[in-house]
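One letter stands for each residue in the lines below.
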Amino acid sequence: MASVSIDQVRKQYGAVPVIHNISMNIEDGEFVTLVGPSGCGKSTLLRMLAGLEDISGGEIRIDGRVVNDVAPKERDIAMVFQSYALYPHMTVAENMGFALKLKGQDRATIEKSVRDAADILALGPLLDRLPKQLSGGQRQRVAMGRAIVRQPQVYLFDEPLSNLDAKLRVTMRAEIKDLHQRLKTTTVYVTHDQIEAMTMADRIVVMRGGNVEQIGRPLELYDRPANTFVATFIGSPAMNLFEGATVNGQFVTDGGVALPMPEGYQGATAAAYGVRPEHLTIADKGVAATVVVVEPTGSETHVLAKLGPADVNLVLRDRIHLQPGQPITLAPDIRRVHLFTAHGIRTN
Amino acid sequence: MTLQQPALPATAVATRPARRRDRGRLFQEIGMLAPAVALLTIFLLVPFLLSFWTAMTNQPLVPRPTPVRFIGLTNFLRIFKDDLFWTSLWNVSRFTFWILPVQCGLAFATALLLHQKLPLRNFFRGLFFLPAITSMVVVCVIWGTLFQYPTGPFNQVIGFLSGGDIQPIDWLGDPNWAMFSIVLLSAWQAYGFQMIVYLAGLQGIPDELYDAARIDGANAFQRFWHVTMPGLRPTHVFVLIITTIQAFKLYTQVAILTQGGPRSSTETVVHYMVRAGFEEQKLGYASAVSVILFLIVLVIALVQRQLLRRFDV
């Protein structure tokens, strides 16, 4: 196990910069998720950690050792790829033991290590199969097994669940989290799925355009997003964000709807007003809205409504029967309202 | 009072126009396929099937007053008794034995080189493919000049490099050298095709496998051995088989440069067949040779199928 330190790391392809002076520290044994939309540089950063991409500037340290010019095999890391990257001509056991074979370990040691890892992941019955004979979930487990066998200091996961169906993704998510809790090995996990990031990580790094937007614990990011990007990226359905201005202690949206300001911020100025779908309730007093679509999910009801000209999403815990076109009155929980400047920076 | 219209079964309503539409489409498809099928039948299928029949007759090239007779397997027996046929078969086997490593090796090496991220990569890919789209006749004329004895460019270069110690080689006139010369020019002309196949094979190997191998600790040679080579197994099999089939059909180079000589050292099965059919005008006999060649190629193709299945990882 080891800590990972990323210090002012830059990456550019020719004259095009893709990672801009990123810094972060990952504690020993921590599970950190890099999350962001496609092209935000999260996979590139992970590949730089792995040694698969050169570093244009800055320093990466693993367990205190600068690894900028250290070959991937010398970094004592293991990586799980999106496509699993299993060697198609090797059996599961050969795939898992390949790194040890290259290290020159004897057959008995390799077999024992492979068997131990297979026991952890319940891969025992699959050891003699070829990857093409496995299902997606099984391949994913083999890819993890290959990483575990090496007992590395750091695990790197590059969108490992993207190729699985939704149900299997949930199962594998729990398996990876359980595995981390058992092995307690430092893990860096890249995903574009904020649910994955929220449910698995000790800390989340939200990235956009090669920059870090915010680093924090999942609920910290959810409850106090640093800017509008994080506010709308984290959480599903996304936070409702209304543009407008503060007028006489109220926030008036561009559509002319007046929303109550949080306590202590009546005098503040803000250009965007955010409220999560579950922090809006249907009440007797509030702002008038009209129901557009009702989506009952069983455990909750998702409602899309019109607040003036703007769309607004609600998540209601109760099974309320609403009809499209029905007028409702919405009241935001003013303790959970988020205010942002014109540049999208949080002000409250 | 309102009369209720008896409802037509939904399927009846739906299927009648659908069936008509299907039939219309079927005619359309047949109409579009017909020209190609007709041409293939007239120029490929009928001659192919006829050759089996002709092989068992004494059919001459030019019709004679005497009727064509069915002679059973006589042509085949005659072929098997002809030393020149066995020589030609031995020669194409020799040619195949040499062309496989030379041509496939050259194609593989070039493909590996052009798979690298080199500047002007696409330009060089096109350049190296040029011989493959050049007519074999043109290639033969050029290489015939290069091979000239005793003052052709090859001999001059060899003479210059050896300081005159190595005597000029009669590339095409010496029975010991003639087939080797044909191998060289054939490999040069045709390796571009195999190179493209190898390039496609190389591009089909996911980059992530190389990344995984690097993380697993594989050096460049180990990555080549454990990722590239297994990834190219089906490609290798395909290239080897296709090259073997092409080699067994060796004709143009021999017809232009050596006419099977010197002393039958470059006689090939196809050249033997063409001579029997068009010079000796024994169409039945030539057809029998073509049937034998077809069976040889068929066996190779079947072996290929089996091998491809086995190596399809």
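Structural data are supplied above this passage.
Since the model is a prediction, treat every value here as computed from it, not as a measurement.

(A) Local environment of the overall build of chain B. Counting secondary structure elements, chain B contains 13 helices and zero strands. Relative to its length of 313 residues, chain B is extended, with a C-alpha radius of gyration of 28 Å against a globular reference of 20 Å. Its C-alpha atoms give chain B principal-axis dimensions of about 120 × 80 × 35 Å. When each of the 313 residues of chain B is scored for burial, the buried share is 29%. When contacts within chain B are restricted to residue pairs at least 6 apart in sequence, long-range pairs at least 24 apart make up 68% of them.

(B) Representation of the overall build of chain A in the model. When you go through chain A residue by residue, the secondary structure sums to eight helices and 19 strands. In chain A, buried positions account for 39% of the 348 residues. Within chain A, contacts between residues at least 6 apart in sequence are counted, and of these 64% link residues at least 24 apart.

(C) The packing of helix 8 (residues 207–216) of chain B against helix 9 (residues 220–231) of chain B, seen in detail. All names here are of chain B. Relative orientation of the contacting elements helix 8 and helix 9 amounts to 140°, with a least axis distance of 10 Å. Relative to helix 9, the element helix 8 lies oblique. Handedness of the crossing formed by helix 8 with helix 9: right-handed. Between helix 8 and helix 9, the contacting residues are Leu 209, Tyr 210 and Ala 213 on the first element and Arg 223, His 226 and Val 227 on the second. When its residues are assigned to classes, the contact of helix 8 with helix 9 shows four nonpolar, one polar and one charged.

(D) Representation of unusual backbone geometry within the structure. With an omega of 0°, the peptide bond running from A:Ser236 to A:Pro237 counts as cis. Locating A:Pro237 in the fold gives a position in the loop between helix 8 (228–233) and strand 11 (240–247). Between B:Tyr149 and the following residue, B:Pro150, the backbone shows a cis peptide bond with an omega angle of 0°. If you trace the backbone, B:Pro150 turns up in the loop between helix 5 (136–146) and helix 6 (153–161). Of note in the backbone geometry, A:Ala122 takes a positive phi value of approximately 55° without being a glycine. Structurally, A:Ala122 can be placed in the loop between helix 3 (107–121) and helix 4 (136–149).

(E) Structural detail: helix 3 (residues 83–115) of chain B. All names here are of chain B. Over its 33 residues, helix 3 runs 47 Å from end to end, which matches the ideal 48 Å to within 8%, given 1.5 Å per residue. The largest bend along helix 3 measures about 35° and falls at Ile 99, with the proline Pro 101 one to four residues further on. Looking at helix 3, one finds that the buried residues are Ser 88, Asn 91, Val 92, Phe 95, Ile 99, Gln 103, Cys 104, Ala 107, Phe 108, Thr 110, Ala 111 and Leu 114. On its buried face, helix 3 is in contact with helix 4 (121–133), helix 7 (175–203), helix 10 (233–248) and helix 12 (269–279).

(F) Main features of the pairing of strand 3 (residues 31–35) of chain A. Residues and elements named next belong to chain A. Burial runs high along strand 3: five of the five residues are buried. Residues Phe 31, Thr 33 and Val 35 line one face of strand 3 and the alternating positions Val 32 and Leu 34 line the opposite face, and both faces are buried. Pairing between strand 3 and strand 8 (residues 186–191): five bridges, direction parallel. In the sheet register, Leu 34 faces strand 8, and the bridge partner there is Val 190. With four bridges connecting them, strand 3 and strand 9 (residues 203–208) associate as parallel partners. Looking at strand 9, one finds that Leu 34 is bridged to Val 205.

(G) Molecular detail of the interface of chain A and chain B. Opposite the 18 residues of chain A that make contact, chain B presents 15 residues. Here the side of chain A that touches chain B is built from residues that sort into 13 nonpolar, two polar and three charged.

(H) Representation of the sheet that holds strand 8 of chain A. All names here are of chain A. Strand order in the open sheet made by the six strands is 6-7-8-3-9-10, with mixed pairing throughout. Edge strands, defined here as strands with exactly one partner in the open sheet, are strand 6 (77–80) and strand 10 (211–216). Shown here is a sheet whose adjacent strand axes are inclined to one another by a mean of 15°, direction ignored.

(I) Spatial organisation of the pairing of strand 1 (residues 4–13) of chain A. All names here are of chain A. Two elements, strand 1 and strand 4 (residues 57–62), share five bridges in a ladder whose sense is antiparallel. Residue pairing across strands places Arg 10 opposite Gly 57, the latter belonging to strand 4. Pairing analysis gives seven bridges linking strand 1 to strand 2 (residues 16–26), with the strands arranged antiparallel. Paired with Val 9 across the two strands is Ile 22, which belongs to strand 2. Turn length for the strand 1-strand 2 hairpin, with the two strands adjacent in sequence and antiparallel, is two residues, and the turn residue Gly 14 shows positive phi of about 60°.

(J) Structural context of the environment of A:Ala108. Mapping A:Ala108 onto the fold places it in helix 3. Considered as a pair, A:Ala108 and A:Leu304 are 196 residues apart in the sequence and their alpha carbons are 61 Å apart.

(K) The arrangement of the sheet that holds strand 12 (residues 250–253) of chain A in detail. Residue and element names in this part refer to chain A. Strand order in the open sheet made by the five strands is 13-12-11-14-19, with antiparallel pairing throughout. With partners counted over all chains shown, the strands left at the sheet margins are strand 13 (258–260) and strand 19 (338–340), one partner each. For this sheet, the mean inter-axis angle between neighbouring strands, taken without regard to orientation, is 40°. Where strand 14 (residues 272–275) lies against strand 19, three bridges are found, and the strand directions are antiparallel. Directly across from Ala 272, in strand 19, lies its bridge partner Phe 340.

(L) Layout of the environment of A:Leu339. Residue and element names in this part refer to chain A. Structurally, the position occupied by Leu 339 is in strand 19. As a C-alpha pair, Leu 339 and Ala 143 span 196 residues in sequence and 44 Å in three-dimensional space. Here Leu 339 is in contact with Tyr 265, Ala 268, Ala 270, Tyr 273, Thr 347 and Asn 348, once residues within four sequence places are set aside.

(M) Region of the structure containing the nonpolar core. Ranked by size, the top nonpolar core spans 97 residues in total, and within it A:Leu49, A:Met79, A:Ala143, A:Leu156, A:Val188, A:Val206 and A:Tyr273 carry the most contacts. Setting aside chain neighbours within four positions, we find A:Tyr273 in contact with A:Phe242, A:Gly244, A:Phe251, A:Leu259, A:Val337 and A:Leu339. Membership of the second largest hydrophobic core comes to 46 residues, among which are B:Phe128, B:Trp171, B:Leu172 and B:Ala247.

(N) View of the environment of B:Leu209. Along the chain, the position of B:Leu209 falls in helix 8. Taking C-alpha positions, B:Leu209 is 28 Å from B:Ile242, a pair spaced 33 residues apart along the chain. What B:Leu209 contacts, discounting residues up to four positions off in sequence, is A:Ala85, A:Tyr87 and B:Val227.

What counts and what doesn't
Residues numbered from 1 in each chain as written. Chains lettered and ligands numbered in written order. Predicted model: local features only at pLDDT ≥ 70, side-chain atom pairs only at ≥ 80, totals over all residues. Helix = DSSP H or I, 4+ residues; strand = E, 2+ residues; numbered from the N terminus. Rg over C-alpha atoms; globule rule 2.2 N^0.38 Å. Buried ≥ 20, exposed ≤ 12 C-beta atoms within 10 Å, placed from the backbone. Contact = placed C-beta atoms within 7 Å. Axes fitted to C-alpha atoms, helices over the stretch in contact; angles between N-to-C directions. Parallel < 35°, antiparallel > 145°, perpendicular 65-115°, else oblique. Left-handed = near helix turned anticlockwise from the far one by under 90°. Nonpolar A, V, L, I, M, F, W, Y, C, P; charged D, E, K, R; others polar. Expected span 1.5 Å × (residues − 1). Bend = angle between axes of the 7 residues up to and from the residue. Pairing = 2+ DSSP bridges. Core = buried A, V, L, I, M, F, W, Y, C linked by C-beta atoms within 7 Å.

No statement about biological role is implied by the geometric values presented.
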